[in-house]
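# Per-entry structural report
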Amino acid sequence: MTVTERLEALRIKMREYGIDMYLIGSEDFHGSEYVGDYFKCRAWISGFTGSAGTVVVTQDTAGLWTDGRYFLQAEAQLKGTGIELFRMNNEGVPTVSEYIAEHIQEGQCLGFDGRTVDARSGQEYVRCLTKKGASVNGRYDLVGEIWTDRPALSSEPAWLLDIRYAGESREDRIAKIRKILADKGADWFVLTSLDDIAWLLNVRGNDVMDNPVVLSYLMMSGDSIRFYVSDKAFRDEDRAVLESAGISFFPYNDIYADISGLTEGKTVLYDGSSLNYAILERLPENVKVLDEENPTLLPKALKNPVEVANIREAHIKDGVAVTKFMYWLKHHVGKEPMTEISVADKLESFRKEQEGYLEPSFEPICGYGPHGAIVHYSATPETDAQLEAKGLLLMDTGGQYMEGTTDITRTFVLGDVTDDEKKFFTLILKGNLNLGGARFLHGCRGYNLDYLAREPLWQIGMDYNHGTGHGVGYLLNVHESPNGFRWRMLPNRNEGCIMEEGMVTSNEPGVYLEGRFGVRHENLIVCMKGEKNEYGQFMYFDTLTMVPFDLDGVDPSIMTEREKQLLNDYHRTIYETIGPKLDEDEREWLKEATRAI
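Residues numbered from 1 in each chain as written. Predicted model: local features only at pLDDT ≥ 70, side-chain atom pairs only at ≥ 80, totals over all residues. Heavy atoms only, no water.

Moving on to the overall build of the protein chain. Assigned secondary structure in the protein chain consists of 19 helices and 28 strands. For the protein chain, the C-alpha radius of gyration of 25 Å lies close to 25 Å, the compact-globule estimate for 597 residues. Judged by the C-alpha coordinates and their principal axes, the protein chain covers about 70 × 55 × 45 Å. A burial count over the protein chain gives 57% of its 597 residues as buried. Considering only intrachain contacts with a sequence separation of at least 6, the fraction spanning at least 24 residues in the protein chain is 68%. (Helix = DSSP H or I, 4+ residues; strand = E, 2+ residues; numbered from the N terminus. Rg over C-alpha atoms; globule rule 2.2 N^0.38 Å. Buried < 20%, exposed > 50% of the residue type's maximum accessible area, 1.4 Å probe, protein only. Contact = heavy atoms within 4.5 Å.)

Right under this line is the structure:
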């Protein structure tokens, strides 16, 4: 079927069900950042294969909303389909919600698969459209009804995470959450976010690309845990271990019937930003609801001492891999053909040499020259640029190891660079060093500290249009709430918490000059307790990432003495830690690459 034929088949279904406008997003049933092939309904109906986008279809029109990463790709892939491209965040372009509210008419119905829309968004659609005399129907997966060769729902083998990696038993984690439920007076807790379920039960899987999680739902009370998962997911011996911890297994989709059958008067706790609308809609009217922050969110972010020690080991392994790649790149660029895609593959080959390496933690961002100025650039065969022995190469990559999750950006100097390239390389490095070297009183939030990274750019009237940092999971999602660094509060972003001991956060300021080049320097840092005195408890960050910054791009004349000392101390630690794990030629090169400035 062509895209045009698919749209027509969808419109026939819409007429059958009395639906006038149909919404198709990019989400799975759990609000995951990355989704499996089964859930790629938006890509199938539209032909647009970018990772983010939303389609709205009526009997006469169809539109696709996506962000600036994908404007060129979407324009090419939508050509001839009759789908209009709405360039998000451009002046005069309505949001999806604004478009729906403006175009739906009294008596009409908005439809969507409620499993792919979060509860709060679904409720907002109901509130908004009710005012117009329109209705909402979240009961039908219309794309699924016409997608005849749809891939099967993933049911990859799952496994148990040993306590030597987790640092805490599943029984202790369950008890911790049950105490929170008791304090809140909740009878049931409904949990649908996959990384939270994996953390709570100390399980990992392979159902979502780059995130080692298991497709599942969970309902928890004071004396029972109902785990909804494919019967193929766990080996019998692993099921027995989980059952001995009080966990009962149920078919993946049974949660929808079970949620409908909750007893009258019970209190149910859930987080409406991750619970899907289909579950919310099935809650009995006589059940009391508590829509609050997920109680697993903060405990998951506070990495315990065992996790922190393991994460340090993961970063040493990752440091060896990326440093070996840096050595290779410096010695081969300009001497043999290489492209953005081929060097990303080369870096992956070095990671695969490390014991305990599992997979990437996200798809690589590898942008040479002007492509480095595209914040979330993803090279394709059509855009794959040839590298030359000049300019800058920005690489944002990461790995999943048994010991933890890594995420690192390095901007490499491939040869001659301009004065501007060197200036901005150094300004961004100053921001990274100053944030990483922060000392602060307990009680500070990411909002209080973000300025340290942006100050070098703000001083010259410039900025970067993304957060300075995000939380990172332990052998879980590379993007994890609630910790992060940003200078302003954004709606529906849960990154305003107090920085606590054990939180792992990225430190990644950048600058992006369209059509010219981009620079980003990213380390992962862990929050630690410092001295405690009459002023209070002081905190600091310890850098986990163990890869040198490219001194070929550094202009020491615009750095303060403290910034030079921070860089020199960091590079000395890298040489002492990584050097013994390299061969002789690599070690000699690293000695020069980490020289004091």
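Resuming the write-up.
The strand order β4-β3-β2-β1-β5-β6 describes an open sheet built from six strands, whose pairing is mixed. Each edge of the sheet is formed by a strand with only one pairing partner; in this case those strands are β4 (84-87) and β6 (135-137). For this sheet the average axis-to-axis angle between neighbouring strands, irrespective of direction, equals 20°. Sheet topology note: the strand β1 (residues 21-24)/strand β5 (residues 109-111) ladder contains two bridges and is parallel. Note that in β5 the partner of tyrosine 22 across the bridge is glycine 111. The sheet strands contacting helix α1 (residues 3-17) are β1, β2 (54-58) and β3 (62-66), and the helix crosses β2 at an angle near 60°. Seen against the sheet, helix α3 (residues 71-78) touches β3 and β4 and runs at an angle of roughly 170° to β4. (Pairing = 2+ DSSP bridges. Axes fitted to C-alpha atoms, helices over the stretch in contact; angles between N-to-C directions.)

Here the focus is helix α8 (residues 170-184). With 15 residues, α8 extends 21 Å from end C-alpha to end C-alpha; this agrees with the ideal 21 Å at 1.5 Å per step. Buried within α8 we find Arg170, Arg173, Ile174, Ile177 and Leu181. Here the buried residues of α8 occupy an arc of 100° about the axis, which is enough to place them on one side. For α8, the exposed residues set more than 90 degrees away from the buried face come down to Lys179, Ala182 and Asp183. Following α8 by one or two positions, glycine 185 adopts a phi angle in the positive range, close to 75°. (Expected span 1.5 Å × (residues − 1). Arc of directions from axis to C-beta.)

Any two side chains of opposite charge can pair, given that their charged atoms come close. Enumeration according to the criterion identifies 41 salt bridges in this entry. In this structure, glutamate 145 and lysine 13 form a salt bridge, with 3.2 Å as the shortest nitrogen-oxygen distance. Of this pair, glutamate 145 sits in helix α6 (residues 142-146) while lysine 13 sits in helix α1, placing them 132 residues apart in sequence. The class of lysine 13 is buried, set by a relative accessible area of 19%. Salt-bridge contacts for arginine 120 lead to aspartate 291; the nearest nitrogen and oxygen are separated by 2.7 Å. Of this pair, arginine 120 sits in helix α5 (residues 119-131) while aspartate 291 sits in strand β14 (residues 288-291), and the two are 171 residues apart along the sequence. Overlapping salt bridges, with partners in common, bring together Asp195, Asp196, Lys300, Lys303 and Glu480 in one network. (Salt bridge = Lys/Arg side-chain N within 4 Å of Asp/Glu carboxyl O.)

Looking now at the side chain of lysine 303. Turning to its location among the elements, lysine 303 is positioned in the loop between α13 (297-301) and α14 (305-332). On the basis of relative accessibility, which here comes to 6%, the residue lysine 303 falls in the buried class. Of note is the side chain of lysine 303, whose polar atom sits 3.1 Å from the backbone oxygen of valine 472. Reaching out from lysine 303, the side chain makes a polar contact with the side chain of glutamate 480 at a distance of 2.9 Å. Discounting chain neighbours no more than four positions away, the residues touching lysine 303 are Val308, Ile311, Val472, Gly473, Tyr474, Glu480, Gly502 and Val504. (Polar contact = N/O pair within 3.5 Å; in protein donor to acceptor, adjacent residues only side chain to side chain.)

Let's shift gears to the sheet that holds strand β20 (residues 408-413). If you trace the three strands from one edge of the open sheet to the other, you get β16-β17-β20, paired in antiparallel fashion. A single partner strand is all that each edge strand has here, and the edge strands are β16 (365-368) and β20. Recorded for the sheet is a direction-independent mean angle of 10° between the axes of neighbouring strands. One ladder, built from four bridges, connects β16 with strand β17 (residues 392-397); its direction is antiparallel.

Next up on the list: unusual backbone geometry. Cis geometry is adopted by the peptide bond preceding proline 482, which originates at serine 481 and carries an omega value of 10°. Within the secondary structure, proline 482 is located in strand β23 (residues 480-485). With a phi angle near 70°, asparagine 89 is a residue other than glycine that sits in the positive phi range. Here asparagine 89 shows up in the loop between β4 and α4 (96-103).

Below, the discussion takes up a negative patch on the surface. The grouping of Asp583, Glu584, Asp585 and Glu588 at the surface amounts to a negative patch. You can see glutamate 588 is positioned in helix α19 (residues 584-593). A relative accessible area of 48% places glutamate 588 in the partly exposed class. (Patch = residues over 30% accessible without salt bridge, like charges linked within 9 Å, V, L, I, M, F, W, Y side chains within 5 Å. Areas by Shrake-Rupley, 256 points an atom, 1.4 Å probe, with all protein chains shown as cover. Lys, Arg positive; Asp, Glu negative; His and termini not counted. Charge placed at Lys NZ, Arg CZ, Asp CG, Glu CD.)

Mapped onto the secondary structure, aspartate 552 falls in the loop between β28 (536-543) and α18 (561-578). Aspartate 552 gets classed as partly exposed once you look at its relative accessible area, which sits at 41%. Along the chain, aspartate 552 and leucine 414 lie 138 residues apart, while their C-alpha atoms are 8.9 Å from each other. Those residues in contact with aspartate 552 that sit more than four places away from it in its chain are Lys330, Val413 and Lys422.

What follows is about the packing of aromatic side chains. Throughout the structure, instances matching the rule amount to 27 aromatic pairs. Geometrically, the ring pair formed by phenylalanine 112 and tyrosine 277 is edge-to-face, given 5.7 Å between the ring centres and 70° between the ring planes. Residue phenylalanine 112 is found in the loop between β5 and α5, and its partner tyrosine 277 is found in helix α12 (residues 277-282); the two are separated by 165 residues along the sequence. Feature note: the residues Phe29, Tyr38 and Phe39 constitute an aromatic cluster, connected by ring pairs. (Phe/Tyr/Trp six-rings, centres within 6.5 Å; stacked < 30°, edge-to-face > 60°.)

To continue, consider the environment of alanine 186. Along the chain, alanine 186 turns up in the loop between α8 and β8 (188-191). What makes alanine 186 buried here is its relative accessible area of 12%. In this structure alanine 186 touches Leu181, Thr267, Leu269 and Leu290, once residues within four positions along its chain are discounted.

To continue, consider the pairing of strand β27 (residues 523-533). Two strands pair when backbone bridges link them, and strand β24 (residues 504-507) and β27 are joined in this way by four bridges, in the antiparallel orientation. Its bridge partner being in β27, valine 504 is matched across the sheet by valine 526. Pairing analysis gives seven bridges linking β27 to β28, with the strands arranged antiparallel. Paired with cysteine 527 across the two strands is phenylalanine 541, which belongs to β28.

Here the focus is the packing of helix α16 (residues 419-436) against helix α17 (residues 446-458). Relative orientation of the contacting elements α16 and α17 amounts to 160°, with a least axis distance of 7 Å. The angle between α16 and α17 falls in the class roughly antiparallel. Once α16 is placed against α17, the crossing between them reads as right-handed. From α16, Phe424, Leu427, Ile428, Lys430, Gly431, Asn434 and Leu435 reach across to α17, where they touch Leu449, Leu452, Ala453, Pro456 and Leu457. The residue inventory of the contact of α16 with α17, partitioned by class, reads nine nonpolar, two polar and one charged. (Parallel < 35°, antiparallel > 145°, perpendicular 65-115°, else oblique. Left-handed = near helix turned anticlockwise from the far one by under 90°. Nonpolar A, V, L, I, M, F, W, Y, C, P; charged D, E, K, R; others polar.)

Just distances and angles here, no functional claims.
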